[in-house]
Amino acid sequence: MNNLVSIIIPCFNAEKYIEETIQSVINQKYKNWELLLINDGSTDNSIELVKDINDDRITIINKNNSGVSDTRNFGLLLAKGDFIAFLDADDVWHNQFLEKQINLLLSSEFDLSYTCCQITDEKSIPSGKVLGGESNPTLDDFLSQRVNYNTNPSGILFKKETLKNFTGFDINLSNNASLPVITGNNIFSSSSKCCLSD
C-alpha cells in the first residue's frame, strides 16, 4: 500500500493534548501519511511543542483564528493524499487505525469508513463509554439519520474523490463533530457507500 493519507489537525490552544495526539499518528503502523497541522491562531505553547517533534511528514500552517470548521476547510484545500482523515487536537488513534481503514477501503466498494470511538478522561483513561454505530448503512440512512452512526470526524477516513462535491464545513457552527453536519454539506454522491470498521 503506497496511498498517501492526508491527516488534518485543526489546532487552537491544545498544548495539553497535542503531543499525545501527534504521537498517536507517528505510532501508526501505516506510515505513508502527511500531517497538516493548521494552527488556528493559538496563543498558548501548542505550536512550540509541535516544532520540537522531529518528523518531516508534519507541516505546520499558521492562520488567523476563524474556528474549527474554517480551519478544517483550509486544511482540506492543501491536502495531497488519496485518503483524507480529520483528527481533532485532543483525540488519539489506535496504532492500527489507518492500516485497518485503508485495507477496508482498498478491498471494497466503500467510499468512507468510520469506526467506534472510546471516550476517555483528560488523562486518557477510558471512561467505559464507546461511540459506536451500525455496519454498512446506506447513504439514505446516513442522510436521513435513520441509522446509529455515533462517531466524530476523528473516526472517519474518506477516499479523497468522495469529497469532490464537498462545499465545506459550515463555518457558522463552532464544532462540527457530528456526522449529520458532514452529510448535510453534500460530501457524498448518490452512489457513495459507507462502512463501520472494527
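Preceding block: the structure.
Residues numbered from 1 in each chain as written. Predicted model: local features only at pLDDT ≥ 70, side-chain atom pairs only at ≥ 80, totals over all residues. Heavy atoms only, no water.

(A) Quick look at unusual backbone geometry. The backbone phi angle of N13 is positive, close to 50°, even though this residue is not glycine. With respect to the helices, strands and loops of the structure, N13 is situated in the loop between β1 (5-11) and α1 (18-26). Owing to a relative accessible area of 31%, N13 belongs among the partly exposed residues under this scheme. (Helix = DSSP H or I, 4+ residues; strand = E, 2+ residues; numbered from the N terminus. Buried < 20%, exposed > 50% of the residue type's maximum accessible area, 1.4 Å probe, protein only.)

(B) Region of the structure containing helix α3 (residues 68-78). Taken together, the buried positions of α3 are S69, T71, R72, N73, G75 and L76. On its buried face, α3 is in contact with β1, β2 (33-40), β3 (58-63) and β4 (83-86). (Contact = heavy atoms within 4.5 Å.)

(C) How the structure looks around the pattern of salt bridges. Using the criterion set out here, one finds four salt bridges in the structure. One salt bridge connects R57 with D55, and the closest N-O pair in it is separated by 2.7 Å. Given a relative accessible area of 23%, R57 falls into the partly exposed group. With a relative accessible area of 14%, D55 lands in the buried category. The shortest N-O distance in the salt bridge between D88 and R72 comes to 2.8 Å. Residue D88 is found in the loop between β4 and α4 (97-106), and its partner R72 is found in helix α3; the two are separated by 16 residues along the sequence. On the basis of relative accessible area, D88 is assigned to the buried category, the value being 14%. Salt bridges sharing partners connect three or more residues here, namely D40, K63 and D70. (Salt bridge = Lys/Arg side-chain N within 4 Å of Asp/Glu carboxyl O.)

(D) Structural detail: the side chain of T162. As for its position among the elements, T162 is in the loop between β8 (156-159) and α6 (179-183). Among the polar contacts listed, one links the side chain of T162 to the backbone oxygen of D111, at a separation of 3.3 Å. (Polar contact = N/O pair within 3.5 Å; in protein donor to acceptor, adjacent residues only side chain to side chain.)

(E) Looking closely at the environment of L36. Inspection of the secondary structure puts L36 in strand β2. Residue class for L36 comes out buried when judged on its relative accessible area of 4%. Along the sequence, L36 and I8 sit 28 residues apart, while their C-alpha atoms lie 4.9 Å from each other. With residues up to four places along the chain from it excluded, the contact list for L36 reads I7, I8, I9, T59, I61, G75, L78 and A79.

(F) Structural detail: the nonpolar core. Formed by 29 residues in total, the largest nonpolar core has its most connected members in V5, I7, I18 and L98. At the level of secondary structure, the elements contributing two or more residues to this core comprise β1, α1, β2, α2 (46-51), β4 and α4. Considering each element in turn, this core owes the most residues, five residues, to α4. Those residues in contact with I7 that lie beyond four places of it in its chain are V25, W33, E34, L35, L36, A85, L87, W93 and L98. (Core = buried A, V, L, I, M, F, W, Y, C linked by side-chain atoms within 4.5 Å.)

(G) Spotlight on the packing of aromatic side chains. Counted according to the given criterion, the structure contains two aromatic pairs. A centroid spacing of 4.5 Å and a plane angle of 20° characterise the contact between W93 and F97, whose relative ring orientation is stacked. Residue W93 is classed as buried on the basis of its relative accessible area of 8%. (Phe/Tyr/Trp six-rings, centres within 6.5 Å; stacked < 30°, edge-to-face > 60°.)

(H) Main features of α1. Those residues of α1 lying buried are I18, T21, I22, S24, V25 and I26. Buried positions along α1 lie against β1, β2, α2 and β3.

(I) Expanded view of the environment of V5. Among the structural elements, V5 can be located in strand β1. By relative accessible area, V5 is classed as buried at 0%. Not counting chain neighbours up to four residues away, the residues in contact with V5 comprise Y30, N32, W33, E34, F83, A85, L98, I102 and L157.

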